[in-house]
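What the coordinates show
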Amino acid sequence: MIQAVARAAFSVLADSQSLKRAASRYGLRRRDSFARRFIAGESVADAIEAARALEAQGLTVTLDLLGESVAARDAALRAVEQYIASMAQIARAGVGRNISLKLTQLGLTIDRATTVDNLRRVLDAAAADDFFVRIDMENSPYTDATLDTFETVWGIGYKNVGVVIQSALRRSEQDIRRVNRLGGRVRLVKGAYREPGEVAYRRKADVDAAFIDLMTLLFKEGTYPAIATHDPAMIDAARRIARETGVTPDRFEFQMLYGVRRDLQTALHRDGYRMRIYVPFGSEWFPYFMRRLGERPANVGFVIKSVLQEKRSL
Ligand code: FDA
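Described below are features of the structure shown in this document.

A short note on the packing of aromatic side chains
In this description, a pair of aromatic rings is defined by centroid distance and the angle of the planes. Applying the stated criterion across every chain yields a total of nine aromatic pairs. Ring centres of Phe252 and Phe254 lie 5.5 Å apart, and the angle between their planes is 75°; on these two criteria the pair is classed as edge-to-face. Judged by relative accessible area, Phe252 falls into the buried class, the value being 1%. Through pairs of rings, three or more aromatic residues link up here, namely Phe38, Trp285, Phe286 and Phe289. Sitting over the face of the ring of Phe132, Arg185 holds its NZ or CZ atom 3.9 Å from the ring centroid. Across from the ring centre of Tyr288, 4.6 Å away, lies the NZ or CZ of Arg292, which sits over that ring.

Structure (structure tokens):
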């Protein structure tokens, strides 16, 4: 209940332009700022540095150039160019060749054809340098369009791409079956967006129960599933179901967000599991950061302290 209220409050704050401007002034400037715990920095060089540190601990990465809800064609094109330039830098740096992106960053709010064209440009550059591209899943008005776009590029022949499914959505079993039939790779998450009750479960217990059912389906019928959660109960269930279904630790991976449950990240790696960390970077970090705060209201106290420190030091 508290979590649902927090999520609602932070989803409203995420749209606040004045808060966004204030946060952008203070947020990532200092290395010890609270936002830097969740966001590697503004530049791809910052993300590469974070990736190197994680890889030195035996973890793998997916790098996400933050951005979403782009409303103009030239902004979507700029995002494509930034992704292509970032991949070139990542390849040169020699860190993991794996990126995540959002389709509304590539034009999904404008139209499908633009999005498919833009995504193909990213996928072509990715394929040339042996990158894997994960399409993040956004809120439910975009679920159909995201899955259709995924299926379109898959049908054209792009196989260096995967998608995300959210256990909070009531429709997700059908969606997982659809991706499984294609042989595509799914990252399973609980879902970070505030959704209406008609399309999504509202109680944590229901979201968790669905997560376990969907995970079972992925272990039985999916292709190299990614189990993306920080919830110890879900992780225990994943370990158990993988054992029961005979899926060895090299045939799936766990994923977690940069800066969240670092203790669990290294513990799972020590236990012999693959662990990939989602490393976000870029100047458009505010909505991402708000979603992370909404997931754990205890984080808000840290933020207030950090902003006060920033102001004092400026
Ligand atoms: P839950 O929210 O129940 O949290 C379990 C425990 O994890 C908490 O008790 C706490 O200890 C810790 N925790 C969780 N969030 C925290 C935070 N922000 N700060 C500190 N501790 C925290 N969503 C989406 O809709 N589309 C997507 O494409 C993606 N992509 C994605 C990639 C990866 C790699 C991950 C790990 C997650 C996503 N998500 C996502 C986000 C996901 O939907 C979900 O909102 C968060 O992972 C939080 O849910 P948990 O499964 O961690 O469980």
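Examining the nonpolar core
If you look at the biggest cluster of nonpolar residues, it comprises 73 residues, and the most contacted ones within it are Leu101, Met215, Phe219, Phe254 and Val279. Ranked by size, the runner-up nonpolar core spans 15 residues in total, among them Leu66, Leu257, Tyr288 and Leu293.

Concerning empty space enclosed by the protein
Throughout the structure, instances matching the rule amount to one cavity of 30 Å³ or more. The volume enclosed by the largest cavity comes to roughly 30 Å³. Considering the residues around the largest cavity, the lining is formed by Asn98, Phe132, Arg134, Arg185, Arg187, Glu253, Gln255 and Arg276. Elements with a minimum of two residues in the lining of the largest cavity: β3 (132–135), β5 (185–189) and β7 (253–257). Across the lining of the largest cavity, the residue classes tally to one nonpolar, two polar and five charged.

Here's the deal with the pairing of β3
Residues Phe132 and Arg134 line one face of β3 and the alternating positions Val133 and Ile135 line the opposite face, and both faces are buried. When strand β2 (residues 98–101) meets β3, the two strands line up parallel, connected through four bridges. Bridging from a neighbouring strand, Ile99 pairs with Val133 of β3. In the classification by handedness, the crossover that spans β2, the intervening helix α6 (residues 112–128) and the parallel β3 is right-handed. In the sheet, β3 pairs with strand β4 (residues 161–166) via three bridges, with the strands oriented parallel. Bridging from a neighbouring strand, Arg134 pairs with Gly162 of β4. Considered for its hand, the β-α-β crossover made up of β3, helix α7 (residues 143–156) and β4 is right-handed.

Cut-offs used in this document
Residues numbered from 1 in each chain as written. Predicted model: local features only at pLDDT ≥ 70, side-chain atom pairs only at ≥ 80, totals over all residues. Heavy atoms only, no water. Phe/Tyr/Trp six-rings, centres within 6.5 Å; stacked < 30°, edge-to-face > 60°. Buried < 20%, exposed > 50% of the residue type's maximum accessible area, 1.4 Å probe, protein only. Lys NZ or Arg CZ within 6 Å of the ring centre and 35° of its normal. Core = buried A, V, L, I, M, F, W, Y, C linked by side-chain atoms within 4.5 Å. 1 Å grid on protein atoms, 1.4 Å probe; cavity = no way out; pocket = protein on both sides within 12 Å on 5 of 7 lines; lining within 4 Å. Points joined across faces, edges and corners; volume = space filled by probe spheres on them. Helix = DSSP H or I, 4+ residues; strand = E, 2+ residues; numbered from the N terminus. Nonpolar A, V, L, I, M, F, W, Y, C, P; charged D, E, K, R; others polar. Pairing = 2+ DSSP bridges. Right-handed = clockwise from strand over helix to strand, strands pointing away.

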